Amino acid sequence: MSAGAVFDDRTAIYRQIADRLREDILRGVLADDEQVMSTNQYAAFHRINPATVAKAFQELVDAGLLYKRRGVGMFVTPGCGERLRAERRARFVDDVLGPVLDEAERLAIPPEEIVAVIRARSTTAKGHP
Amino acid sequence: MTTDMQHIAPTSTQPASVRRRAGESAQIMVFGTLAWIGYVWVAATVIYAIVVACVVRWGGLDTSLWRSLAAGWQQWVVFAAGITVSTTFLRMLLRNGATRRLVSVSAVATMSTIAVILAVWNMAGFTVEKLVYDANGWPQTLPSDAAFAWDDLPRLALDNILIAAVYYAAGWIIGCGYARWGTFRGTALLLPAAVPVAAMEFLVSPGFAGLNVDVVAAWRGEPHVAVTVLAGGALLAATVAVAARLTREATLR
Amino acid sequence: MSDSAPFTPSPIGGHTIELRDLTVRFGSTVAVDSISTTMRAGAIVGLLGRNGAGKSTLMRTLAAHRRPSSGTVRIAGEDPYEHAQLMADLCLVRHDGDFNLDVSVADSIAIAAALRPRWDAAVLERLLDRFQLRSDRTKVGALSLGQRAALAVSIGIATGSPVTMFDEPHLGLDAPSRYAFYDELLATYMAAPRTIIVSTHLIDEMAALFEDVIIIDHGALLLHEPADELRARGIELTGPAAAVDALTAGMSVLSSRTLGPTRSAVVLDRLDADMRARATAAGIALGPIPLQDLFVALTSEEAVR
């Protein structure tokens, strides 16, 4: 077990923190104008160097996902969840679907079969919410 | 040598916090030393009291038992206290952010305090003994073959202070050797440390303080008090300067 | 300090430490070999190295417990050796506590409190509670090694020293005590930032606490960089031996293992997009490596430099 147990030791931790906060905003865990944990709270909770946490938060401030209120703390910029979703959607075909289709082509899986899998999955998902 | 004396002499240019720490570290060493050396003095007093009580009950005496039983070996206790400057207090003080200079300042404070208390204790011993011996009509003979007289008290105090201080400083020097080169090789400093001790033995009167291995005592007689004060003071200052110089280069492992 | 206020490192928290060609010799042995680097004020620095790499000697020298054989140490711009004010600001906590064993716990604490200008009695109280220690007449020598180590780190933290160093603090502390130590170190650091140096080889456990990492080997400085940058460095290339050799030619290969026709090499270099494409084309798999493995690769005897 590591002091920052939930972080892997192969990627810059500030990047992992930023990614995690992005994920929380994207999934609506952090709502618009909601205050996020302070860097100190975050650092103490996860046993991480506060400078590392501050760097992650600063990255999100620079990206316009968080805004600062002097002396109070940091908050989620309204509408940024939607913005993140739009960005992810735009990258979905290139980043996620592209490699899958390339692999399917190498394995000679016909497109109809893939479409059938997708249909079946979304039906299952709807059947068992 | 001048620079070494400056090294351990307090100066008014230091910030108050540094001067305050000098006081704190001196207290730590003085009380840390008195904490055990006090027991030695109490034990010596008790043993002496028991022996004298027995002698008063069953016999008579013609020499000072205080000199031989209680006072005569105190220089070795003080010598051991000097060794602890480097072997005990150096680590304790440096670890807590004090400089070696503060260690030396504290050692001088401890040396002075112990020497004065020892002298007072010794004078009290000789005084009580004289009252007891006089009441019984016994001569209180000293190793110098003279009997103790009330006029001897100032000289007794002076000699005691100088002897105690020089043994402490000698122990301090040897302790530096132990701390630096280990118990075996560190003992090599026994030689340079013995020089001021031997010299001081010749500067005090044969009788009250010191070892009394002084074979030329009868021939040289008692040195003039001015000689003892000036030469003894200079000798002590030089010994302390050497010890402080060694302390300045002390290392924690 | 408000709990939710954003963290801003205080500009006056801690001292900068500059080393220039710092060398410490013991006879013919070189314990610290010509180290030059600068540690930022107010950073938590991890000092990593194998046993005997010179970590303890380096820390002793920074604490002015010994003189360098050559080269210089500058802390807040000044030579700490016999510097009355600066030495009071330097605290080195050794895992055994460096204590005088025949002194009581209460007196050991009182001595530190008397000599440390920034002593925080409230912090000490909290730490003693946390470690279930009592400030009483018990001799330090009568404490268990674990209790002694806990007392040592408690006093070290409570000194509030602008430069506080912990030499292998994990050695005496069991796991719950170590986490308590990390928590309290962070809490006091966030309340009042200072320069903290921790030597350890429990890298996995402590890495997230470090802002910067220094790795020394055989007394010499191998690297000193932000922990997060180091974490992102180090790539393992696994694939056909010839292809791996071709791609890594000219790179600093830290270690390499061969199993049949497959070779796995660890390099410290960053791979640009072009190199990554070439690697993929040659059937070489690229993978990040954990900090601990990177450390092992950097300091193992077989490391190719």
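Everything numeric in this text was worked out from a predicted model, so none of it was measured.

A. The overall build of chain B, seen in detail. Within chain B one finds 9 helices and 0 strands. What you see in chain B, going N to C, is helices and strands ordered as α-α-α-α-α-α-α-α-α. Burial analysis of chain B (253 residues in total) assigns 50% to the buried set. Total accessible area on chain B stands at roughly 11,000 Å², and carbon and sulfur atoms take up 71% of it.

B. Main features of the side chain of R94(C). The topology assignment puts R94(C) in strand β5 (residues 90-94). Although R94(C) is buried, it makes no salt bridge; D167(C) carries the closest opposite charge, 4.0 Å away.

C. View of the pattern of salt bridges. Going through the model one piece at a time under the given rule, you end up with 32 salt bridges over all chains. Between R233(C) and E225(C) there is a salt bridge, with its nearest N and O atoms 2.5 Å apart. Here the salt bridges do not stand alone but share partners, grouping R47(A), R126(C), R130(C), D183(C) and E184(C) into one network.

D. How the structure looks around the arrangement of the chains. Highest in contacts among the 2 pairs of chains that touch are chains A and C. Between chain A and chain B there is no contact, and the shortest C-alpha to C-alpha separation is 27 Å.

E. Region of interest: the interface of chain B and chain C. Contact residues are listed per partner, giving 26 residues for chain B and 25 residues for chain C. When the two sides are added together, the surface that chain B and chain C hide from each other amounts to roughly 2,400 Å², 49% of it contributed by carbon and sulfur. It is R21(B), R95(B) and N96(B) in chain B that bury the most area against chain C; as a group they hold 28% of the surface buried on that side. Our count for the contact surface shared by chain B and chain C stands at 3 salt bridges. Between R91(B) and D98(C) there is a salt bridge, and its shortest N-O distance comes to 2.7 Å. Mapped by element, the contributors of at least two residues to the side of chain B that touches chain C are α2 (16-58), α4 (74-95) and α5 (100-136) of chain B. Its residues assigned to classes, the side of chain B that touches chain C comprises 9 nonpolar, 7 polar and 10 charged.

F. View of the environment of L84(A). Residue and element names in this part refer to chain A. Within the secondary structure layout, L84 lies in helix α4 (residues 80-106). Looking at L84, the relative accessible area reads 7%, which means it is buried. For the pair L84 and E113, spaced 29 residues apart in sequence, the C-alpha separation works out to 31 Å.

G. Here's a closer look at helix α7 (residues 190-203) of chain B. Residue and element names in this part refer to chain B. With 14 residues, α7 extends 20 Å from end C-alpha to end C-alpha; this agrees with the ideal 20 Å at 1.5 Å per step. Residues of α7 that are buried: A193, P196, V197, M200, E201 and L203. An end-on view of α7 places all buried positions within 160° of arc, on one side of the element. Set apart from the buried face of α7 by more than 90 degrees, the exposed residues are L191 and V195.

H. How the structure looks around the pairing of β5(C). Residues and elements named next belong to chain C. In terms of burial, β5 is a largely internal element, 5 of the 5 residues being buried. Relative to strand β6 (residues 163-167), β5 runs parallel, the two sharing 5 bridges. Of the residues in β6, the one forming a bridge with C91 is T164.

I. Quick look at the sheet that holds strand β10 (residues 235-240) of chain C. Residue and element names in this part refer to chain C. The sheet built from 4 strands is open, its strands ordered β11-β12-β10-β13 with antiparallel pairing. Edge strands, defined here as strands with exactly one partner in the open sheet, are β11 (253-259) and β13 (285-288). Each strand of the sheet is rotated relative to its neighbour by a mean of 20°, with strand direction disregarded. Note that β11 and strand β12 (residues 262-267) share 6 bridges and pair antiparallel.

J. Geometry of the nonpolar core. In terms of nonpolar packing, the biggest core is built from 82 residues, with I17(A), F57(A), L151(C), F166(C), F181(C) and F210(C) touching the most fellow members. Other than its neighbours up to four places away in sequence, I17(A) contacts F7(A), Y42(A), I48(A), T52(A), V53(A), A56(A) and F57(A). Counting 72 residues, the second largest nonpolar core, distinct from the first, contains A22(B), V77(B), A98(B) and A107(B).

K. A look at helix α2 (residues 39-46) of chain A. Taken as a whole, α2(A) has its buried residues at T39(A), N40(A), Y42(A), A43(A) and H46(A). When α2(A) is viewed along its axis, its buried side chains cluster within an angular range of 165° and face the same direction. Buried residues belonging to α2(A) abut α1 (13-26), α3 (50-62) and β2 (73-76) of chain A together with α6 (175-191) of chain C. In the stretch just after α2(A), R47(A) is the one whose phi turns positive, near 55°.

L. Layout of the domain arrangement of chain A. Residue and element names in this part refer to chain A. Its domain assignment divides chain A into domain 1 (13-78) and domain 2 (81-127). Of the residues lining the interface, 7 residues belong to domain 1; the matching set on domain 2 comes to 5 residues. Buried area between domain 1 and domain 2, both sides added, is near 610 Å², and the carbon and sulfur share of it is 55%. Summed over the three residues of domain 1 that lose the most area to domain 2, namely I25, L26 and L65, the buried surface amounts to 64% of that side. E23 is the partner of R88 in a salt bridge, and the nearest nitrogen-oxygen pair spans 2.9 Å. The tally of links between domain 1 and domain 2 comes to 3 residue pairs in polar contact (both at pLDDT 80 or more). Class assignment for the residues of the side of domain 1 that touches domain 2 results in 4 nonpolar, 1 polar and 2 charged.

Cut-offs applied
Residues numbered from 1 in each chain as written. Chains lettered and ligands numbered in written order. Predicted model: local features only at pLDDT ≥ 70, side-chain atom pairs only at ≥ 80, totals over all residues. Heavy atoms only, no water. Helix = DSSP H or I, 4+ residues; strand = E, 2+ residues; numbered from the N terminus. Buried < 20%, exposed > 50% of the residue type's maximum accessible area, 1.4 Å probe, protein only. Areas by Shrake-Rupley, 256 points an atom, 1.4 Å probe, with all protein chains shown as cover. Lys, Arg positive; Asp, Glu negative; His and termini not counted. Salt bridge = Lys/Arg side-chain N within 4 Å of Asp/Glu carboxyl O. Contact = heavy atoms within 4.5 Å. Buried area = accessible area lost by both parts, 1.4 Å probe. Nonpolar A, V, L, I, M, F, W, Y, C, P; charged D, E, K, R; others polar. Expected span 1.5 Å × (residues − 1). Arc of directions from axis to C-beta. Pairing = 2+ DSSP bridges. Axes fitted to C-alpha atoms, helices over the stretch in contact; angles between N-to-C directions. Core = buried A, V, L, I, M, F, W, Y, C linked by side-chain atoms within 4.5 Å. Domains from an automatic or database assignment. Polar contact = N/O pair within 3.5 Å; in protein donor to acceptor, adjacent residues only side chain to side chain.

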